[in-house]
Amino acid sequence: MVGLRKAMFGAGCFWGVQSSFDGVEGVVMTTAGYSDGHTRDPTYDEVCTDSTGHAEVVLMEFDPALVSYRDLLIHLFSIHDPTTPDRQGVDLGSQYRSSIMYFNDEQKEEAVRVISELDASGNYSSPIVTGVVPAGDFYPAEEYHQKYNEKHGIAGCGIQLG
């Protein structure tokens, strides 16, 4: 498709993040993976040691005619707790950090603006700690992690459907 854009976010376990963004109209592709670390071609087992520097992330392509980057950011903040450093629920470690990996200055500015607005909204009891960093190398997670929830009938991370 012509005119597609990329977005990359970390919000804890990538299974639930991928599943959630797959349900957003205008998101045409998602890939679970690893980014923002120092180890080349990391494996899941390596990332889980919390020593690679990588975060579990979802890289997506979206159609800006159907969904704006701002709307994707708002969705991101609706599906996780952006006030807990290096943690989402029971998942603990820097690989679960809340992060926005921007591809251009426009995405960076929008991310900073949305965070500022949400911080000022009073909806959170603590400040938002979501990192806003340039998108770096992306390493797709192993195939068994792709569309994991869909393959296993799971909603979120570990919650059985129906």
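Within each chain, residues carry numbers counting from 1 in the order of the written sequence. Local features are withheld for residues below a pLDDT of 70 in this predicted model, meaning they are given only at 70 or higher, and side-chain atom pairs are given and counted only at 80 or more; totals for whole chains, interfaces and linings count all residues. The basis for every side-chain value is the complete set of non-hydrogen atoms in the structure, without hydrogens or water.

Considerations on the environment of Thr 52
Its location among the elements puts Thr 52 in the loop between α2 (44-47) and β3 (55-62). Owing to a relative accessible area of 3%, Thr 52 belongs among the buried residues under this scheme. Along the sequence, Thr 52 and Arg 97 sit 45 residues apart, while their C-alpha atoms lie 13 Å from each other. The contact criterion used is simple: two residues touch if any of their non-hydrogen atoms lie within 4.5 Å. When sequence neighbours within four positions are dropped, the list of residues in contact with Thr 52 reads Gly 37, His 38, Thr 39, Glu 46 and Val 47. Side-chain atoms alone can form a polar contact between residues adjacent in sequence; in general such a contact is a pair of N or O atoms within 3.5 Å, and within protein one must be able to donate a hydrogen while the other accepts it. There is a polar contact of 3.2 Å between the side chain of Thr 52 and the backbone nitrogen of His 54. Each helix corresponds to a stretch of at least 4 residues labelled H or I by DSSP, and each strand to a stretch of at least 2 residues labelled E; elements are numbered beginning at the N terminus. Note on exposure labels: buried denotes an accessible area under 20% of the residue type's maximum, exposed denotes more than 50%, and partly exposed covers the range between, all computed with a 1.4 Å probe on protein chains only.

Section: the packing of helix α3 (residues 69-78) against helix α4 (residues 105-120)
Contact geometry for α3 and α4: axes closest at 10 Å, N-to-C directions at 45°. The orientation of α3 relative to α4 falls into the category oblique. Considering the relative orientation of α3 and α4, their crossing is right-handed. The residues of α4 that touch α3, namely those facing Tyr 69, Arg 70, Leu 73, Ile 74 and Phe 77, are Gln 107, Glu 110, Ala 111, Val 114, Ile 115, Glu 117 and Leu 118. Throughout this entry, Asp, Glu, Lys and Arg are counted as charged residues, while Ala, Val, Leu, Ile, Met, Phe, Trp, Tyr, Cys and Pro are counted as nonpolar. The remaining residues, Gly among them, count as polar. Classifying every residue of the contact of α3 with α4 by side-chain character gives eight nonpolar, one polar and three charged. Orientation is described by axes fitted as lines to C-alpha atoms, over the contacting stretch for helices, and by angles from 0 to 180 degrees between their N-to-C directions. Working rule for angles: under 35 degrees goes down as roughly parallel, over 145 as roughly antiparallel, 65 to 115 as roughly perpendicular, anything else as oblique. In a left-handed crossing the near helix is turned counterclockwise from the far helix by less than a right angle, and in a right-handed crossing that turn is clockwise.

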